[in-house]
Amino acid sequence: MAMDLEELQLQLEKVLCEVSKDILIKLAVFLKLDEVKYQGKSKLKNPITDKEAPPKGLEVLKQQLDNLENDHQKQVEALQSKMEESELKATATSVSKPTTNDLKSVLRREFKINGQIGEPGQKDKLTFVSLVRQIESASSKGYSETEVIDGVIRAIIPNMQLRSYLETVSNLTMPKLRAILRSHFQEKSATELYQQLTTIVQSPEESPHSFLIRALDLRQKVLFASKEAGVKIKYDESLVQGLFLHSLETGLHHEAVRTK
């Protein structure tokens, strides 16, 4: 039935195309068609079968726009995925891989003073000079001031008032600690040591070698005390060396050794 209608439509269109314009106008008047719809046209359109197709250019543009939106969405999703992966890797790296400073802090031993700090003059206990040497050595090895201070406090014999006092001092600094230790050990000032070097003499029971060592030790104590923080009078090394040689010459009783 559909084929018959199509054949009939084709035959009708063929006939209409072959007739003259006047006949077409008369046919249009007979069918009561609007003049506007057929004026200036060589062929009448069937209002039922002939439908205007939408412009192809508009469909193409719409399709391209849809494709661009889809591509953009895919790119955004891919970028977000990469960012999430990078954040996860960075987090895993920061957690699993310690820094060089962390490794050093783990491998480095806790600072510890060799020996104990006791009362001044107590046997088998540290002297002030020996203690300060260890403090300076620890600082040169990279130990922090807090680590060194804690190590010194731990080296003090338990139940000593000095330890109890230092453990309760707030904002304890290294210069302040050294001043407290100097007072505890009853160390003489640089001026007192310098005056002692000017009057040093060999005792009757003392050998020349022992006197020489005692004079050398006193010279070093003068220089050492001059470098302490807060010292008002500092003695130059050349000045101390000159006094040492003079005291050695005048204080040594053995003529042969003094001549050398």
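Just so it is clear, the structure is predicted and the values come from calculations on it, not from any experiment.

*Asks:* For this particular structure, what's the right way to read the overall build of the protein?
*Replies:* When you go through the protein residue by residue, the secondary structure sums to 13 helices and 0 strands. From first element to last, N terminus to C terminus, the protein shows the α and β order α-α-α-α-α-α-α-α-α-α-α-α-α. The buried share of the protein, taken over its 260 residues, is 23%. Of all intrachain contacts in the protein linking residues separated by at least 6 positions in sequence, the fraction that spans at least 24 positions is 60%.

*Asks:* How do you make sense of the pattern of salt bridges when you look at a structure like this?
*Replies:* Once the charged atoms of two side chains with opposite charge are near each other, the side chains can pair. Under the counting rule described, the total for this entry stands at 6 salt bridges. Across the pair glutamate 136 and arginine 178 runs a salt bridge, and its minimum N-O distance is 3.5 Å. Of this pair, glutamate 136 sits in helix H6 (residues 128-140) while arginine 178 sits in helix H9 (residues 174-184), and the two are 42 residues apart along the sequence. One salt bridge in this structure joins aspartate 217 and lysine 221, with 3.5 Å as the shortest N-O distance. Of the two residues, aspartate 217 and lysine 221 both sit in helix H11 (residues 208-226), 4 residues apart, roughly one turn of that helix. Using a relative accessible area of 39% as the deciding quantity, one classes aspartate 217 as partly exposed. Judged by its relative accessible area of 30%, lysine 221 is partly exposed.

*Asks:* What is the right way to look at helix H12 (residues 237-251) in this model?
*Replies:* Each turn of an α-helix holds 3.6 residues, which means side chains three or four residues apart point in the same direction. Its 15 residues place the ends of H12 20 Å apart at the C-alpha level, agreeing with the 21 Å of an ideal helix rising 1.5 Å per residue. Of all the residues in H12, the buried ones are Val240, Leu243, Phe244, Ser247, Leu248 and Gly251. Along the long axis of H12, the arc covered by the buried residues comes to 135°, so they all point the same way. Within H12, the exposed residues directed more than 90 degrees away from the buried face are Ser238, Glu249 and Thr250.

*Asks:* Please explain the packing of helix H10 (residues 190-198) against H12 as it appears in this structure.
*Replies:* When two helices pack together, their arrangement is given by the angle between the helix axes and the distance between those axes. Across the interface, H10 lies against H12 with an axial gap of 9 Å and an inter-helix angle of 30°. Between H10 and H12, the crossing angle belongs to the class labelled roughly parallel. Mapping the contact onto sequence places Tyr194, Leu197 and Thr198 in H10 and Leu239, Val240, Leu243, Phe244 and Ser247 in H12. Class assignment for the residues of the contact of H10 with H12 results in 6 nonpolar, 2 polar and no charged.

Reading the values: rules and limits
- Residues numbered from 1 in each chain as written.
- Predicted model: local features only at pLDDT ≥ 70, side-chain atom pairs only at ≥ 80, totals over all residues.
- Heavy atoms only, no water.
- Helix = DSSP H or I, 4+ residues; strand = E, 2+ residues; numbered from the N terminus.
- Buried < 20%, exposed > 50% of the residue type's maximum accessible area, 1.4 Å probe, protein only.
- Contact = heavy atoms within 4.5 Å.
- Salt bridge = Lys/Arg side-chain N within 4 Å of Asp/Glu carboxyl O.
- Expected span 1.5 Å × (residues − 1).
- Arc of directions from axis to C-beta.
- Axes fitted to C-alpha atoms, helices over the stretch in contact; angles between N-to-C directions.
- Parallel < 35°, antiparallel > 145°, perpendicular 65-115°, else oblique.
- Nonpolar A, V, L, I, M, F, W, Y, C, P; charged D, E, K, R; others polar.

Limitation: the analysis is restricted to geometry and does not speak to function.
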